[in-house]
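Fold and geometry: a report
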Amino acid sequence: MNKNTGLTLIAIVALALIVFFSELLYVIFTGSKVPIPDIPRQKLVQGQGKELSYVIMGDSTSISQGSEYSEGYAVASHRHLATSRRVTMINTGVSGATVKSVLDEQLADAISYSPDLVLLAVGANDATKFSPSSSIKNDLQEIIDGLKQSNPAVKIVVTRSPAMDSVSRFPFISKWVMNVRTRQVNEAFAEIIRKNDLTLAPIAEKTRQAFIDDPTLTASDKFHPNARGYELWKPVINSSLDQALAG
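Below is a short write-up of the structure. (Residues numbered from 1 in each chain as written. Predicted model: local features only at pLDDT ≥ 70, side-chain atom pairs only at ≥ 80, totals over all residues. Heavy atoms only, no water.)

1. Regarding the overall build of the protein
- Scanning the protein from N- to C-terminus turns up nine helices and six strands.
- Relative to its full complement of 247 residues, the protein shows a buried share of 51%.
- Contacts spanning at least 24 positions in sequence make up 82% of the contacts within the protein whose residues lie at least 6 apart.
- Put simply, the protein shows about 12,000 Å² of open surface, and 57% of that area lies on carbon and sulfur atoms. (Helix = DSSP H or I, 4+ residues; strand = E, 2+ residues; numbered from the N terminus. Buried < 20%, exposed > 50% of the residue type's maximum accessible area, 1.4 Å probe, protein only. Contact = heavy atoms within 4.5 Å. Areas by Shrake-Rupley, 256 points an atom, 1.4 Å probe, with all protein chains shown as cover.)

2. Examining the layout of surface pockets
- Roughly 240 Å³ of volume is contained in the second largest pocket.
- Lining the second largest pocket we find 16 residues, and of these Lys33, Gln65, Arg169, Asp221 and His224 sit closest to its centre.
- Its residues placed into classes, the lining of the second largest pocket shows four nonpolar, nine polar and three charged. (1 Å grid on protein atoms, 1.4 Å probe; cavity = no way out; pocket = protein on both sides within 12 Å on 5 of 7 lines; lining within 4 Å. Points joined across faces, edges and corners; volume = space filled by probe spheres on them. Nonpolar A, V, L, I, M, F, W, Y, C, P; charged D, E, K, R; others polar.)

3. Concerning the side chain of Asn91
- Considering the arrangement of structural elements, one finds Asn91 in strand S3 (residues 86–91).
- Overall, Asn91 belongs to the buried group, its relative accessible area being 3%.
- A distance of 3.0 Å separates a polar atom in the side chain of Asn91 from a polar atom in the side chain of Tyr69.
- Leaving out residues up to four positions away in the same chain, Asn91 has contacts with Ile39, Arg41, Ile56, Ser62, Ile63, Tyr69 and Ala74. (Polar contact = N/O pair within 3.5 Å; in protein donor to acceptor, adjacent residues only side chain to side chain.)

4. Describing the packing of aromatic side chains
- Taken as a whole and judged by the stated rule, the model has four aromatic pairs.
- Measuring from centroid to centroid gives 5.7 Å for Tyr230 and Trp233, while their planes differ by 85°, and the two rings are edge-to-face. Pair noted here: Tyr230 and Trp233 are both in helix H9 (residues 227–246), with a separation of three residues, about one helical turn.
- On the basis of relative accessibility, which here comes to 0%, the residue Tyr230 falls in the buried class.
- Linked through ring pairs, Tyr73, Tyr230 and Trp233 together constitute an aromatic cluster. (Phe/Tyr/Trp six-rings, centres within 6.5 Å; stacked < 30°, edge-to-face > 60°.)

5. So, empty space enclosed by the protein
- As enumerated under the stated definition, the model contains one cavity of 30 Å³ or more in all.
- Taken together, 24 residues make up the lining of the largest cavity; nearest its centre are Thr61, Pro162, Met164, Pro225 and Trp233.
- Within the residue set of the lining of the largest cavity, elements represented by two or more residues are helix H5 (124–128) and helix H8 (203–213).
- Tallying contributions element by element places H8 first for the lining of the largest cavity, with three residues.
- Here the lining of the largest cavity is composed, by residue class, of 13 nonpolar, nine polar and two charged.

Purely geometric numbers; function is a separate question.
What follows is the structure, encoded as structure tokens:
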């Protein structure tokens, strides 16, 4: 290696480190924190007609972080399902949840209600925390097995990760990394969805471009959807819940 080649390599490495730390600082310090909603954890009942036990499991989006709880898809889906049924809803969602933590911290509660219908809204934190695909598949299968042991006829709808490269908090190279991570996480989910005949709520595919085109769909933390952002997810989720029940 001659002197000029060595200097070029040093310059490339230095530039890469500058870009890396610049993006890291941007991700850490951009936006402002949004509160974690204090949501009702008791059974909530709406509607008249055939009884349906409905459990929502998942991460911060399941409790509408970035917006008011009343403006998120949990409340909207409960209302939607209750137009033709008497629906008892329980929400076990926790901000920051991964597939692993849903298995460890939410499954037992969900099983105790022997749900007829489950919405599993998780995957985003597995993308950002670089959960291995093998772990995602194993933990997700355990969740499914547990729910089916509680009620063999349970219908399960899964969102997977939203399109994390559409999140306004991530700049440039980070967006490329998050695009790759979203695909890796969602491909891991896809195998389990096919194997267990689950229903997909494709929020990543259906809403990605809208969030890229309009960064104001995210909350002040530049990460979670705001009320307008959640409005885009609601019809995708409601349609998938209807599909699961019809199937």
